[in-house]
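These are the residues of each chain, in order.
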Number of protein chains: 2
Amino acid sequence: MATTGDMSPDEFREFGKAAVDFIADYIGNIRDRPVLPAVEPGYLAPLLPAECPQDPEPWQEVMKDLEAHIMPGVTHWHSPSFHAYFPTANSFPGIVGEMLSAGLGVIGFSWITSPACTELEVIVVDWLGKLLGLPEEFLHSGPGSGGGVIQGSASEATLVAMLAARDRMVRRVRQDHPKLSDGEIRAKLVAYTSDQANSSVWKSGLLGAMPMRQLPTDADGAFRGDVLEAAIRSDRQKGLIPCYVVATLGTTVTCAFDNLEELGPVCNREGLWLHIDAAYAGAAYVCPEMRHTMAGVQYADSFDMNPHKWLHVNFDCSTMWVKNANDLENAFNVDPVYLKHDKQGVMPDYRHWQLPLGRRFRALKLWMVLRTYGARGLQAHIRKQVQLAADFEELVHRDARFEVVMPARCGLVCFRMVGPCARTQELLRRVTARKTLYMIAASVRGQAVLRFVVCSRLTELEDVQRSWAEIAAQAEAVLQAESVAAALAPAPALCDPSRPMGKSPSVVHNMLGSAGNTADPQHTV
Amino acid sequence: MATTGDMSPDEFREFGKAAVDFIADYIGNIRDRPVLPAVEPGYLAPLLPAECPQDPEPWQEVMKDLEAHIMPGVTHWHSPSFHAYFPTANSFPGIVGEMLSAGLGVIGFSWITSPACTELEVIVVDWLGKLLGLPEEFLHSGPGSGGGVIQGSASEATLVAMLAARDRMVRRVRQDHPKLSDGEIRAKLVAYTSDQANSSVWKSGLLGAMPMRQLPTDADGAFRGDVLEAAIRSDRQKGLIPCYVVATLGTTVTCAFDNLEELGPVCNREGLWLHIDAAYAGAAYVCPEMRHTMAGVQYADSFDMNPHKWLHVNFDCSTMWVKNANDLENAFNVDPVYLKHDKQGVMPDYRHWQLPLGRRFRALKLWMVLRTYGARGLQAHIRKQVQLAADFEELVHRDARFEVVMPARCGLVCFRMVGPCARTQELLRRVTARKTLYMIAASVRGQAVLRFVVCSRLTELEDVQRSWAEIAAQAEAVLQAESVAAALAPAPALCDPSRPMGKSPSVVHNMLGSAGNTADPQHTV
């Protein structure tokens, strides 16, 4: 290696292929590693120097440190024993797509900066939109001015849609009330979502400075039309301006589906922008038999789902479709007028469809996955994981120590130990401490539940059975410990006996185990 | 390949290594390809099917289509003949870092979701901060509550800082004026930057709904303290609330440096948040002899630069440092109170430092680059490219048909043909049409100029000389054509004779060639 550290293409062949072998070995042997790491916060600093090296080091040294110091601190999201949050995709063609994108290293902020980067994206988001059964108004090849784009995350899609909705509403109100300043109009805008929406939806309200009402859901966790309508009416009476609604298909805690057939007509009639966050469950729509849960999608202004969750495309790849791309261009275009050029309009300049200016060639990985899996491969994946969740539910049903709180929806089952909530909490504490299985807890209708999600694409029935055996064994240990101790103190935060199990709107919040888990099932990453 | 499309680790070894060879060949032979593609908008759709395949296809077929259909539409950012915008990094260790990040596929939105992902980031942003000579208040290991984080882009960093500034100011004003609503306060906030700032800075004003004043710069393109002070005074007189300032180190068009020693004390005294956008030029500070241009950095609240521009780390990797991380946590934290856990505070939960929830393991590629290049390797890279720009400037100087408009700064030279602006425009048109060289035009003090940037890390003196020979040859052709034609019509948009060359504030805007280039030298991607 030269003193500048510059590597020749042949050195890269060796280094890159060693990295390919590292990844193949990692994924191939992932069952050998406990899913959760056994490190404490701050573990890494004492193992690494306090400063960057002065002179170039051989890559072999870095790879050694990767295994020695980094890998012990990795949580293994693709372990078949990872059942927390929601899946994050990881597939070999997705990885290669990412490699190729890094190798070409283009920045696709306009057509000329790499025509293929824009054009392949236009094509593959149309492919995917058709595969999901989206209305053709959302397609580039459709009749209107709609189309899709790859965002980095569902969080960004929610924020992009909100800012476009804000811009559209300010223009509209300004026409009727020319004396109001834009700032005065913006100060009156209100957004709506449900108490089941992902925290990133609430955060978008914070970022966009638009109050985001978290409206109550029905017993099933769904956001309903009458609730939205009442909230709009109440806000209009206060002189506020209802602007933006986020409906969720596949909520974070229980994978509930908001009722688009009720919400959609309310939004359309009242002139509110309807954004659909289908980050996780949207992938299921590659299977026609799953599409009944998105009935009403035609009312939406924008729709987002994450191929990087349940559709084999490595993070980051969140696909967002809009019915009218002009709404985005109006809100985000800062090009001086004299910069218009004759080729604009033929192809989208995607920098106006997103928050940042720069963008990677992410279409490559989506293309790679769609082609090497094909529609049938993706359908087979979804059906298999849905079946595995049903299998897990069946195991829970058969065990009298447990109860299913929410039947399997997509790849998720919510369950708990019969009896006091502390028992379920203690179960999670024990399971987590052993580090061989990763789930997170939540609260459903005032009760502590565990969320079991089929996450890794590598998960087989035997993995689910092994996870269940571990859960059952630890449950036995919990009961034995209980019979030794006279009593366990109840845990009020998780258990609220005043909250009925029945029909009234359930408040469902994410809960933490003691492992320092985040608040947030990774839904809208 | 199974009908599900699932690939075994051994199939991936073959596929991944073929991709490594593809990248090694691509970079190794990049001089063989014209830098600009010869396609027209819409070229790709007729070459690809209208729908995703039903059945899985072999990866070999996709790789064939990559070469046949995608590569002809790629703009080669790493060609030594790419002199447009600013550099985008592409190095072999950076690529491997991206591969490993994709292979591990972790989502680091909290410590537990992969401790190493958070902890390595904390360590390498400190390494880099020290390497750049940042004040220690910006380091995690420093005395206060400062620290660094990897954002996706400088655009996002500018917006994150703006939203944190907004939140801080709203809290502050609310204390003194409890009758004002948050919306009323926000409607009064104003931000300031210069007319030389990147379009992404202006866009952040649009996104954050805070008017972003584009203040005039001095003859050198720098934003000065007295101009800011006057603007603040004027806005306070109107009852507005000055809130946020973005200063640029290394502006997009001419690589000018705003005067931090003047701006900083104004911001501190007036209570405005000072953000420094050093997206491109920040990399130069790995060389101590370049640091004089950031004198005054100690006044800033936040500082951002892009290792993915000029420091060998593949896009996306934008490193942002703040003096007080609590400002970010206050603005972006939506965790319900009861979700606090005992390990919070020991390590940052980076989801509160950024817009989206999800985040890749980007620290791996920064770590890989810092170790395999070392401080000396990175310094050698910067010094070599600065020298190459000086070499180019010398070539321009020696040719009487040309003039240097802005002397070389970092890797950028602004130059033009002596005589009417139409001549320089025609030169660019000819050069671009031949597709062997890529530059973009700009307007400096009312004159058409060409920006020549040393971009690719592969660029050698011979490449610069070859690019110059091409420019000189096309200049000759322009002059010959002029002598044939009686006269060429002047192009008013690029040439404004009423604007003096001298001391008055120069308006410098990006200009487009006819090739459909973007407005925007890729500065804050």
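What counts, and where the lines are drawn
- Residues numbered from 1 in each chain as written.
- Chains lettered and ligands numbered in written order.
- Predicted model: local features only at pLDDT ≥ 70, side-chain atom pairs only at ≥ 80, totals over all residues.
- Heavy atoms only, no water.
- UniProt positions renumbered as here; feature names shortened; annotations may be inferred.
- Helix = DSSP H or I, 4+ residues; strand = E, 2+ residues; numbered from the N terminus.
- Buried < 20%, exposed > 50% of the residue type's maximum accessible area, 1.4 Å probe, protein only.
- Contact = heavy atoms within 4.5 Å.
- Pairing = 2+ DSSP bridges.
- Domains from an automatic or database assignment.
- Buried area = accessible area lost by both parts, 1.4 Å probe.
- Salt bridge = Lys/Arg side-chain N within 4 Å of Asp/Glu carboxyl O.
- Polar contact = N/O pair within 3.5 Å; in protein donor to acceptor, adjacent residues only side chain to side chain.
- Nonpolar A, V, L, I, M, F, W, Y, C, P; charged D, E, K, R; others polar.
- Core = buried A, V, L, I, M, F, W, Y, C linked by side-chain atoms within 4.5 Å.
- 1 Å grid on protein atoms, 1.4 Å probe; cavity = no way out; pocket = protein on both sides within 12 Å on 5 of 7 lines; lining within 4 Å.
- Points joined across faces, edges and corners; volume = space filled by probe spheres on them.
- Axes fitted to C-alpha atoms, helices over the stretch in contact; angles between N-to-C directions.

Chain A is annotated in an unreviewed UniProt entry as Aromatic-L-amino-acid decarboxylase-like isoform X2 from Frankliniella occidentalis. Under the Cofactor (unreviewed entry) heading, UniProt states for chain A: "pyridoxal 5'-phosphate".

Caption draft 1: Quick peek at the overall build of chain A. The secondary structure content of chain A amounts to 14 helices and 12 strands. Counting only residues that meet the buried cut, chain A has 67% of its 525 residues in that class. In chain A, 76% of the contacts between residues at least 6 apart in sequence involve partners at least 24 apart.

Caption draft 2: How the structure looks around the UniProt feature "modified residue: N6-(pyridoxal phosphate)lysine" (unreviewed entry) in chain A. Residues and elements named next belong to chain A. When the UniProt feature table is mapped to this numbering, "modified residue: N6-(pyridoxal phosphate)lysine" (unreviewed entry) covers K309. Tracing the sequence through the fold places K309 in helix 10 (residues 307-310). The exposure class of K309 is buried, given its relative accessible area of 2%.

Caption draft 3: Layout of the pairing of strand 1 (residues 147-151) of chain B. All names here are of chain B. Summarising burial for strand 1: five of the five residues are buried, a large majority. Of the two faces of strand 1, the one holding G147, V149 and Q151 and the one holding G148 and I150 are both buried throughout. Examined bridge by bridge, strand 1 and strand 7 (residues 318-322) share five bridges and lie antiparallel to one another. Bridge pairing in strand 7 links Q151 to S318.

Caption draft 4: A look at the domain arrangement of chain A. Residue and element names in this part refer to chain A. In terms of domains, chain A is made up of domain 1 (107-334 + 346-360) and domain 2 (376-485). Computed over C-alpha atoms only, the centres of domain 1 and domain 2 are separated by 32 Å. With 21 residues of domain 1 at the contact, the number on the domain 2 side is 19 residues. Between domain 1 and domain 2, roughly 1,700 Å² of surface is buried when both sides are summed, and carbon and sulfur atoms account for 65% of that area. Across the domain 1-domain 2 interface, the total number found is two salt bridges. Ionic pairing is found between E289 and R383, a salt bridge with its closest N-O pair at 2.7 Å. Inspection of the domain 1/domain 2 interface yields 10 residue pairs in polar contact (both at pLDDT 80 or more). Of the residues contributing to the side of domain 1 that touches domain 2, the split by class is 16 nonpolar, three polar and two charged.

Caption draft 5: View of the nonpolar core. Residues A:Y244, A:F303, B:Y244 and B:F303 are the most contacted members of the largest nonpolar core, which totals 316 residues. Other than its neighbours up to four places away in sequence, B:Y244 contacts B:T158, B:A161, B:M162, B:A165, B:V190, B:A191, B:Y192, B:M210, B:M212, B:L272, B:W273 and B:H275. Counting residues in each nonpolar core, the second largest holds 25 residues, with A:L395, A:A441, A:F452 and A:V478 among its members.

Caption draft 6: Looking closely at empty space enclosed by the protein. A full pass over the atoms with the stated rule returns 14 cavities of 30 Å³ or more. Around the largest cavity sit 23 residues that line it, and A:E156, A:D316, A:R362, B:E156 and B:D316 are the ones nearest its centre. Classifying every residue of the lining of the largest cavity by side-chain character gives four nonpolar, nine polar and 10 charged.

Caption draft 7: Here's a closer look at the sheet that holds strand 7 (residues 318-322) of chain A. Residues and elements named next belong to chain A. One open sheet holds the seven strands; their spatial order is 1-7-6-5-4-2-3, and the pairing between them is mixed. If you trace the sheet from one side to the other, it starts and ends with strand 1 (147-151) and strand 3 (212-215), each paired once. Averaged over all neighbouring strand pairs, the angle between strand axes comes to 20°, with direction disregarded. Bridging between strand 4 (residues 241-248) and strand 5 (residues 273-277) involves five bridges; their strand directions are parallel. When the bridges of strand 5 are listed, A247 appears paired with I276. The sheet strands contacting helix 5 (residues 154-176) are strand 1, strand 2 (189-194), strand 3, strand 4, strand 5, strand 6 (302-305) and strand 7, and the helix crosses strand 4 at an angle near 155°.

Caption draft 8: Up close: the interface of chain A and chain B. Every contact between the two is made by 155 residues of chain A and, on the other side, 155 residues of chain B. Across the chain A/chain B interface, buried area totals approximately 13,400 Å², and carbon plus sulfur atoms make up 68% of it. Put simply, chain A and chain B have 16 salt bridges between them. Between B:R371 and A:D65 there is a salt bridge, with the nearest N and O atoms lying 2.6 Å from each other. Counting every contact that joins chain A to chain B gives 60 residue pairs in polar contact (both at pLDDT 80 or more). In terms of residue count, the dominant contributor to the side of chain A that touches chain B is helix 1 (residues 9-28) of chain A (16 residues).

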